[in-house]
Amino acid sequence: MQVKYITNVDEIPGLTEDERESFKKVTDKFVFRLNDYYLQLIDWKNPHDPIRKLVIPSSNELQEYGRWDASDEDTNYVVKGCQHKYQTTALLIVSEVCGAYCRFCFRKRLFRADVKEAMPDVQDGLDYIARTPEINNVLLTGGDPLILNTRKLRSIIEALRAIDHVKIIRIGSKMPVFNPMRIYEDQELLDLIRTHSTDEKRIYIMAHVNHPREITEEARRCFKALYDAGAIVVNQSPVLKGINDDPLVLGELLDKLSWAGVTPYYFFINRPVAGNRGFVLTLEEAYHIVEEAKARTSGLGKRVRLCMSHTSGKVEILAIEDGKAYLKYHQSRDGEYGKLMVLDCPKEATWFDELPGNEKYWKKPLKKTAEIVSVNEMPDFPQKKQD
């Protein structure tokens, strides 16, 4: 089934004229894109529908908040299009387009016309990975890699499989729920996965399912097609105000993922990214929601970890009790793996930087290449391309 893409808010049914006008101010700053398959998941009778909040613009996005690049990803680039933050993992930024644009996206900077971080030609990144033997897994990300045509994906995956020390290829994608047909109807894509996801060198699909209503019959068919092709599917999702900040909803998500054979991998704290003010929960709120959700699911669902993807690493929240945050580095750019941190946690704290004393545990990183300009140093309002 060929989905139809919508890039103009005037084409969205179910909006009032006032909403259309106010949303145009939002889409002047933050890009908008949707498709007709995902559109039909929205309950227009409910103004607080979580699926609607996932993809339909809101005037909340124009509230002053955060930075375009809240985790300083510009400091992770080693060559254009390739990030190397953690020792064994490299990221190839292969796309600057998604099946639809999540309003809370932490990489919405990539969709600015004046930002060029994704590379149509990732050869420099492939060359870097080939000469860096400690890299044993590579994440294809963006944007959404599965928006690329299969021929392009084939060239990237075959090049990675020619590098012996790359054992795992990961593909970060929301297409299993944004456009599952793109996957299960593309036999060439499934054959590509079948060829290159082997007993010793797997392909992982890092799915982005944020709400149980996204797990439709089509999504389950997509998961099955991926499994039958030899891929392993895991899920990661931020915990977001107004979308999944309810233990019943989050517990249902954990159950439905487990039932579909999808491993719950990460729950993330919303990054303080420009436009995301309306999705913010305090650390204490997010922790208790996740713990209550885990109490409602099996040990399979309980495997999920709650983390902050901070500039310094993935900071896992072990517990928040009696005004204290008990944290550890689940991943660390400076090799501080497993480092335990006990910090005061003010009720209103929403991010690692807001915990008193956090600065003792990390230092601001230096750029590895001057080729990438930090979007945080660019104008807040995207500059249009010059004709």
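The coordinates are above.
All of these numbers come straight from a predicted model, not from anything done at the bench. (Residues numbered from 1 in each chain as written. Predicted model: local features only at pLDDT ≥ 70, side-chain atom pairs only at ≥ 80, totals over all residues. Heavy atoms only, no water.)

**Student:** Tell me about the nonpolar core, and please be specific about residues and values.
**Tutor:** If you look at the biggest cluster of nonpolar residues, it comprises 103 residues, and the most contacted ones within it are L92, I129, L140, L160, L327 and F352. Look past the residues within four positions of L140 in its chain and what remains in contact with it is L92, V94, P145, I156, I157, L160, I169, R170, I171 and G172. Of all hydrophobic cores here, the second largest spans 13 residues; its members include Y77, C98, C105 and V234. (Core = buried A, V, L, I, M, F, W, Y, C linked by side-chain atoms within 4.5 Å. Buried < 20%, exposed > 50% of the residue type's maximum accessible area, 1.4 Å probe, protein only. Contact = heavy atoms within 4.5 Å.)

**Student:** Pulling in residues and values, what's your account of the packing of helix α5 (residues 150-161) against helix α8 (residues 187-196)?
**Tutor:** The contact between α5 and α8 brings their axes to 10 Å, and the two run at 5 degrees. As judged from the angle between their axes, α5 and α8 are roughly parallel. In this structure, α5 contributes T150, L153, R154, I157, E158 and R161 to the contact, and α8 contributes E188, L189, L192 and H196. Of the residues assigned to the contact of α5 with α8, the class counts are four nonpolar, two polar and four charged. (Axes fitted to C-alpha atoms, helices over the stretch in contact; angles between N-to-C directions. Helix = DSSP H or I, 4+ residues; strand = E, 2+ residues; numbered from the N terminus. Parallel < 35°, antiparallel > 145°, perpendicular 65-115°, else oblique. Nonpolar A, V, L, I, M, F, W, Y, C, P; charged D, E, K, R; others polar.)

**Student:** Go over the packing of aromatic side chains with me, naming the residues and quoting the values.
**Tutor:** Evaluation of the coordinates by the stated rule reveals six aromatic pairs. Between Y38 and F178 the ring centres are 4.8 Å apart and the planes differ by 85 degrees, which places this aromatic pair in the edge-to-face class. Of this pair, Y38 sits in helix α2 (residues 36-39) while F178 is found in helix α6 (residues 175-178), placing the two residues 140 residues apart along the sequence. Both residues of the pair, Y38 and F178, belong to the buried class. Ring geometry for Y266 and F268: centres 5.0 Å apart, planes at 35 degrees, overall tilted. The class of Y266 is buried, set by a relative accessible area of 5%. Judged by relative accessible area, which is 15%, F268 ranks as buried. Each residue in the set Y265, Y266 and F268 is aromatic and connected to the rest through ring pairs, giving one cluster. We note R112 situated over the ring of W68; from NZ or CZ to the ring centre the distance is 4.6 Å. Looking at K174, its charged tip hangs above the ring of F178, at a distance of 5.1 Å from the centre. (Phe/Tyr/Trp six-rings, centres within 6.5 Å; stacked < 30°, edge-to-face > 60°. Lys NZ or Arg CZ within 6 Å of the ring centre and 35° of its normal.)

**Student:** Could you give an account of the sheet that holds strand β12 (residues 313-321), naming the residues involved and the relevant values?
**Tutor:** Taken together, the twelve strands give an open sheet; going across it, the order is β3-β4-β5-β6-β7-β8-β9-β10-β11-β12-β13-β14, and neighbouring strands pair in mixed fashion. Edge positions in the sheet fall to β3 (77-79) and β14 (340-344), since each has one partner strand and no second. Sheet twist, expressed as the mean angle between neighbouring strand axes with direction ignored, is 30 degrees. Where strand β9 (residues 232-239) meets strand β10 (residues 263-269), six bridges bridge the pair, whose relative direction is parallel. (Pairing = 2+ DSSP bridges.)

**Student:** Could you give an account of helix α11 (residues 283-294), naming the residues involved and the relevant values?
**Tutor:** The terminal C-alpha atoms of α11 lie 16 Å apart, and with twelve residues this matches the ideal 16 Å at 1.5 Å per residue to within 8%. Buried within α11 are the following residues: L283, A286, Y287, I289, V290, A293 and K294. For α11, the arc enclosing every buried residue in end-on projection is 165 degrees, short of the 170-degree limit, so these residues lie on one face. Residues of α11 that are buried in the fold lie against β9, α10 (247-259), β10, β11 (305-310) and β12. (Expected span 1.5 Å × (residues − 1). Arc of directions from axis to C-beta.)

**Student:** So what's going on with the side chain of R33? Which residues, and what values?
**Tutor:** Mapped onto the secondary structure, R33 falls in the loop between α1 (17-29) and β2 (34-35). The charged side chain of R33 is buried without a salt bridge, its nearest counter-charge being D144 at 9.4 Å. In this structure the side chain of R33 is engaged in a polar contact, spanning 2.7 Å, whose partner is the backbone oxygen of C98. (Lys, Arg positive; Asp, Glu negative; His and termini not counted. Salt bridge = Lys/Arg side-chain N within 4 Å of Asp/Glu carboxyl O. Polar contact = N/O pair within 3.5 Å; in protein donor to acceptor, adjacent residues only side chain to side chain.)

**Student:** Break down the packing of α10 against α11 for me, citing the residues and quoting the values.
**Tutor:** Two elements in contact, α10 and α11, have axes separated by 8 Å at closest approach and are oriented at 50 degrees. One finds that α10 runs oblique with respect to α11. Seen from above, α10 lies across α11 with right-handed handedness. Two secondary-structure elements touch here, α10 through P247, L250, G251 and L254 and α11 through I289, V290, E292, A293 and K294. Class assignment for the residues of the contact of α10 with α11 results in six nonpolar, one polar and two charged. (Left-handed = near helix turned anticlockwise from the far one by under 90°.)

**Student:** I'd like a rundown of α1, residues and numbers included.
**Tutor:** Within α1, the full set of buried residues consists of R20, F23, V26 and K29. At its buried positions, α1 is contacted by α3 (50-55).

**Student:** Give a description of a nonpolar patch on the surface that names residues and reports values.
**Tutor:** A cluster of nonpolar side chains, contributed by L318, Y326, L340 and V342, occupies part of the molecular surface with about 330 Å² of accessible area. With respect to the helices, strands and loops of the structure, L340 is situated in strand β14. Classification of L340 by relative accessible area gives exposed; the value is 52%. (Patch = residues over 30% accessible without salt bridge, like charges linked within 9 Å, V, L, I, M, F, W, Y side chains within 5 Å. Areas by Shrake-Rupley, 256 points an atom, 1.4 Å probe, with all protein chains shown as cover.)

**Student:** I'd love a proper account of the state of the cysteines, names of residues and values included.
**Tutor:** For the structure shown, the criterion picks out zero disulfides. Unpaired in terms of disulfides, C105 finds its nearest cysteine sulfur in C98, a separation of 6.1 Å. (Disulfide = S-S within 2.5 Å.)

**Student:** Break down a negative patch on the surface for me, citing the residues and quoting the values.
**Tutor:** A contiguous patch of negative charge, built from D121, D124, D127 and E371, is present on the exposed surface. Examined against the element boundaries, E371 turns out to sit in the segment after β14. (Charge placed at Lys NZ, Arg CZ, Asp CG, Glu CD.)

**Student:** Tell me what's going on with the environment of M206, and back it up with residues and numbers.
**Tutor:** Note that M206 resides in strand β8 (residues 203-207). Distance in space between the C-alpha atoms of M206 and P145 is 11 Å, their sequence separation being 61 residues. Leaving out residues up to four positions away in the same chain, M206 has contacts with L139, R170, I171, G172, S173, V234, Q236 and Y265.

Functional significance is not addressed by these values, which are geometric in nature.
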